[in-house]
Amino acid sequence: MGKIVKFAAIIVSFVMVLSACGKDDLSREKTVKAKTDTSVTTKVIGPHEHINQKPTPIKINRIGAHEVNVEMTSQITDIEITKGEMYKAWTFNGEAPGPVIVVDQGDKINFTLTNMDPAIPHSMDFHAVHAAPSKDFANVMPEETGKFSYPANNPGVFMYHCGTKPVLAHIANGMHGIIIVKPTEGYPTDSKVDREFVIVQNEWYKYNDMNDFTNGKPKYVVFSSKALKEGDINTNGTVGALVDKPLLAKVGDKVRFYINNVGPNEVSSFHVVGTMFDDVYVDGNPFNHMKGMQTVLLPASGGAVVEFTVTEEGSYPFVTHQFNHATKGAVGVLKVTKDGHDDDSKTMSH
């Protein structure tokens, strides 16, 4: 009798772990008992147990003056979210947040999503496009490929994320990122900007725990930087990533951040210590131009272009001024030196 009770408890426990994927997805998953993966600190979904797929580079190819092909993957890849703590993330291209996408206003995006996840359908919801979600953001089944097309007619700094239900589980497990739509006429301050960076804020909770995603508080809140061009710093959402390896600028530079708070739940009060924002374009739209701001409020999925000038050498921390979240990791550093190169000096952070 004791063995039967113990076995029943194991089955119930496993069903609870799988429940975050939603009833519609359970039939697509292998009914395998979850075991502890030695590379992570939690029990993982059975079909993902031994998977750690190597990051697949995003492919972005311009095929016309106003047409771009974008090819991405959905996959399962271990992400270090703080030193020594791995998270078996559901990702785009093996990154969490996913790689930045940059297109021009007026582009037609031909999007291909290859789902490398053997168990769960995934999809893409671009906040930057006009589309019928039931058709253009449709699920791509495990180990299949989907193709979609839509126009990107509005400039800005937009979130993208998996739109498969339960959406919260897919975003919180790592399926989020930024797409930048560059305005046709540019920004009024383009000629004055010396350096550009892409900054993403996201939260981490207990692994695939729908109750914690819904009712809990984030365990970590973090910043990452995504590469705009080859050679740029490109990090995952790891605590301290942009403190250990700060961004660089030189004295007198006007710095531009393309920033988005991908959440999934919390707001961000974005602030750079030691300066103020000369120019802010809310949601990255040049018509939403504000000046002289100390802090920019970013709702979950909210974006902005923020620009500021650094006048002296030293460390300029950037934080969310929700300081409980800064304490959980939402801190980065811009190191300013005489020539813009790292002088190996110690940085100060909050």
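Residues numbered from 1 in each chain as written. Predicted model: local features only at pLDDT ≥ 70, side-chain atom pairs only at ≥ 80, totals over all residues. Heavy atoms only, no water.

J.: Kindly report on the pairing of strand E19 (residues 314-320), identifying the contributing residues and their values.
T.: Most of E19 is tucked away, with six of its seven residues classed as buried. Bridge count for strand E14 (residues 268-272) against E19 is three bridges, and the pairing is antiparallel. Across the sheet, phenylalanine 270 pairs through a bridge with threonine 320, a residue of E19. (Buried < 20%, exposed > 50% of the residue type's maximum accessible area, 1.4 Å probe, protein only. Helix = DSSP H or I, 4+ residues; strand = E, 2+ residues; numbered from the N terminus. Pairing = 2+ DSSP bridges.)

J.: Go over the packing of aromatic side chains, please, and point to the residues and values.
T.: In this structure the tally under the stated criterion is 18 aromatic pairs. Look at phenylalanine 223 and phenylalanine 270: their rings are 5.9 Å apart centre to centre, the planes differ by 85 degrees, and that puts the pair in the edge-to-face class. Of the two residues, phenylalanine 223 sits in strand E11 (residues 220-226) while phenylalanine 270 sits in strand E14, which places them 47 residues apart along the sequence. This pair shows no difference in class: phenylalanine 223 is buried, exactly as phenylalanine 270 is. Centroid distance phenylalanine 257 to phenylalanine 308: 5.2 Å. Interplanar angle 80 degrees. Geometry classified as edge-to-face. Of this pair, phenylalanine 257 sits in strand E13 (residues 254-263) while phenylalanine 308 sits in strand E18 (residues 303-309); the two residues are 51 residues apart in sequence, bridging distant segments of the chain. We note that phenylalanine 257, like phenylalanine 308, is buried. (Phe/Tyr/Trp six-rings, centres within 6.5 Å; stacked < 30°, edge-to-face > 60°.)

J.: Before we move on, could you go through the sheet that holds E14 and cite the residues and values that matter?
T.: Strand order across the open sheet formed by five strands is E12-E20-E19-E14-E17, with mixed pairing between neighbours. Looking along the sheet, the strands with just one partner apiece sit at the ends: strand E12 (247-250) and strand E17 (296-298). Here the average twist between neighbouring strands, direction ignored, is 25 degrees. In this structure, E19 lies alongside strand E20 (residues 331-337), joined through six bridges in antiparallel fashion. Among the inter-strand pairings, proline 317 is bridged to a residue of E20, identified as valine 333. (Axes fitted to C-alpha atoms, helices over the stretch in contact; angles between N-to-C directions.)

J.: Describe the environment of methionine 210, naming the residues involved and giving the relevant values.
T.: Following the sequence through the fold, methionine 210 ends up in helix H5 (residues 210-215). Take methionine 210: its relative accessible area is 24%, and that puts it in the partly exposed class. Taking C-alpha positions, methionine 210 is 7.9 Å from leucine 168, a pair spaced 42 residues apart along the chain.

J.: I'd love a proper account of the sheet that holds strand E9 (residues 176-182), names of residues and values included.
T.: Spatially, the four strands line up as an open sheet ordered E4-E9-E8-E6, and their pairing is mixed. Among the strands making up the open sheet, the edge pair consists of strand E4 (101-104) and strand E6 (125-126). As paired strands, strand E8 (residues 156-161) and E9 are joined by six bridges and run antiparallel to one another. The residue of E9 that forms the bridge with histidine 161 is histidine 176.

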